[in-house]
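An overview of the molecular structure
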Amino acid sequence: MRTANLSGRLVIITDDDTAVDVEEASDGRFGPDPQNIYERWTDFRVWAANAELPAGRPFAAADLGSPAPAPRQVLAVGLNYHAHADESGFESPDTLPPTFTKYVSSITGPVTDVHLPEDGHTDWEAELVAVIGETAHQIGEDDAWLHIAGLTVGQDISERITQLSGPAPQFGLGKSYPGFTPMGPYLVTPDALADSDDLELSCSINGEEVQKGRTRDLIFSVPALVSRLSAILPLLPGDVIFTGTPAGVGLGRTPQRWLSDGDVLVSYIEGIGELRQTFHA
Ligand code: ZN
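Residues numbered from 1 in each chain as written. Predicted model: local features only at pLDDT ≥ 70, side-chain atom pairs only at ≥ 80, totals over all residues. Heavy atoms only, no water.

**Things to note about the sheet that holds strand β17 (residues 264-269)**
Spatially, 5 strands are ordered β8-β18-β17-β14-β15 in an open sheet, and the strand pairing comes out mixed. Edge positions in the sheet fall to β8 (111-115) and β15 (208-214), since each of these pairs with one other strand and no more. Neighbour-to-neighbour, the strand axes of this sheet turn through a mean angle of 15°, independent of strand direction. Two strands pair when backbone bridges link them, and strand β14 (residues 200-205) and β17 are joined in this way by 5 bridges, in the antiparallel orientation. Across the sheet, Ile205 pairs through a bridge with Leu265, a residue of β17. (Pairing = 2+ DSSP bridges. Helix = DSSP H or I, 4+ residues; strand = E, 2+ residues; numbered from the N terminus. Axes fitted to C-alpha atoms, helices over the stretch in contact; angles between N-to-C directions.)

**What to know about the coordination of the zinc ion**
For the zinc ion, every protein donor is listed as Glu125 (OE), Glu127 (OE) and Asp156 (OD), and the spread of their distances is 1.9 to 2.1 Å. The class of Asp156 is buried, set by a relative accessible area of 0%. (Donors = N, O, S within 2.8 Å, 3.2 Å for Na, K, Ca; no water. Buried < 20%, exposed > 50% of the residue type's maximum accessible area, 1.4 Å probe, protein only.)

**Some details on the pattern of salt bridges**
Counted according to the given criterion, the structure contains 17 salt bridges. In this structure, Asp123 and Arg160 form a salt bridge, with 2.9 Å as the shortest nitrogen-oxygen distance. Linking Asp123 in strand β9 (residues 122-123) with Arg160 in helix α5 (residues 160-164), this pair joins segments that are 37 residues apart in sequence. Measuring nitrogen to oxygen at the nearest pair gives 3.3 Å for the salt bridge that ties Glu270 to Arg214. (Salt bridge = Lys/Arg side-chain N within 4 Å of Asp/Glu carboxyl O.)

**Some points on the nonpolar core**
Core analysis: the largest hydrophobic core is formed by 36 residues, its most contacted members being Leu151, Val226, Leu235, Ile241 and Ile272. Counting residues per element, this core draws most heavily on helix α7 (residues 222-230), at 5 residues. Residue-level mapping places this core at the junction of two domains, with at least three residues from each of domain 1 (2-59) and domain 2 (65-280). In this structure Leu151 touches Leu128, Val129, Ala130, Trp145, Tyr186, Leu187, Val188, Leu193, Ser196, Leu199 and Ile272, once residues within four positions along its chain are discounted. Grouped together as the second largest cluster of nonpolar side chains are 22 residues, Phe30, Ile107, Ala149 and Phe242 included. (Core = buried A, V, L, I, M, F, W, Y, C linked by side-chain atoms within 4.5 Å. Domains from an automatic or database assignment. Contact = heavy atoms within 4.5 Å.)

**Things to note about the pairing of β15**
Bridge analysis of β14 against β15 gives 6 bridges, and the strand direction is antiparallel. Along β15, the bridge assignment pairs Cys203 with Gln211.

**A short note on the packing of aromatic side chains**
This model, assessed by the stated rule, comprises 7 aromatic pairs. Between Tyr38 and Trp41, the ring centres sit 5.3 Å apart and the planes meet at 25°, which makes this aromatic pair stacked. As far as the burial class goes, Tyr38 and Trp41 line up, both buried. Ring centres of Trp41 and Phe44 lie 5.3 Å apart, and the angle between their planes is 55°; this geometry places the pair in the tilted category. With Trp41 and Phe44 both in helix α2 (residues 41-50) and 3 residues apart, the pair spans about one turn of that helix. In terms of burial, Trp41 and Phe44 fall into one category: buried. Among the aromatic residues, ring-to-ring pairing joins Phe30, Tyr38, Trp41, Phe44 and Trp47 into one connected group. (Phe/Tyr/Trp six-rings, centres within 6.5 Å; stacked < 30°, edge-to-face > 60°.)

Printed below as a string of structure tokens:
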């Protein structure tokens, strides 16, 4: 199943890429809020699997919001691909990857315009994002997928000067300027993907491919992240995990490269879809 946030309302995306409004199709059993649905994810899955859905309506990608627009927690993982750890000048993590947050006010939908911070070095990080369906606290890897509602595409847009300034890095602030956390276009349930542990992801600027990887190369897989993170804190319904970016970010290039006025950044994951950000000075 694919779901989405269409103009602030929860919809199911049909096989012919039209949208069915969940509140209408369920006669009000499930409300319209795309974030609240994760509180009742299992009920919703069972209903959706058995419902006779009406015909959907066509829609524009620009009207989509984030499939998780207001999570209580955003956990973002760094250095989770060996080649990206290398290009960043770090050893790969072995027990727990570095984990930070992207503040919720930076979340947007998949097709947006983003203002570049003045005098900044704004960089790209295409990432697979997992959204929690059932509360996960101290659970093992074998059970982890049962706690995940689905997967979506995320961009961990990062202003490197803020991120790396001061006596200790400022990951949370450097990665949370307005519009720096686009997600979408859809939430795809793991069963709807050919292999939810091995998805191609890529990123291009103005049509030039700058990142390409596969999620089978994650140092900590999605189940491993759920297990390691939930050993420390409960992951709540609707929480979001940015799973880390593959190699090819601007910081790791020689010479380094940053996003500039007019650049169009497209981030893609096989079986899910794409994000499209246009940057403005
Ligand atoms: Zn990242």
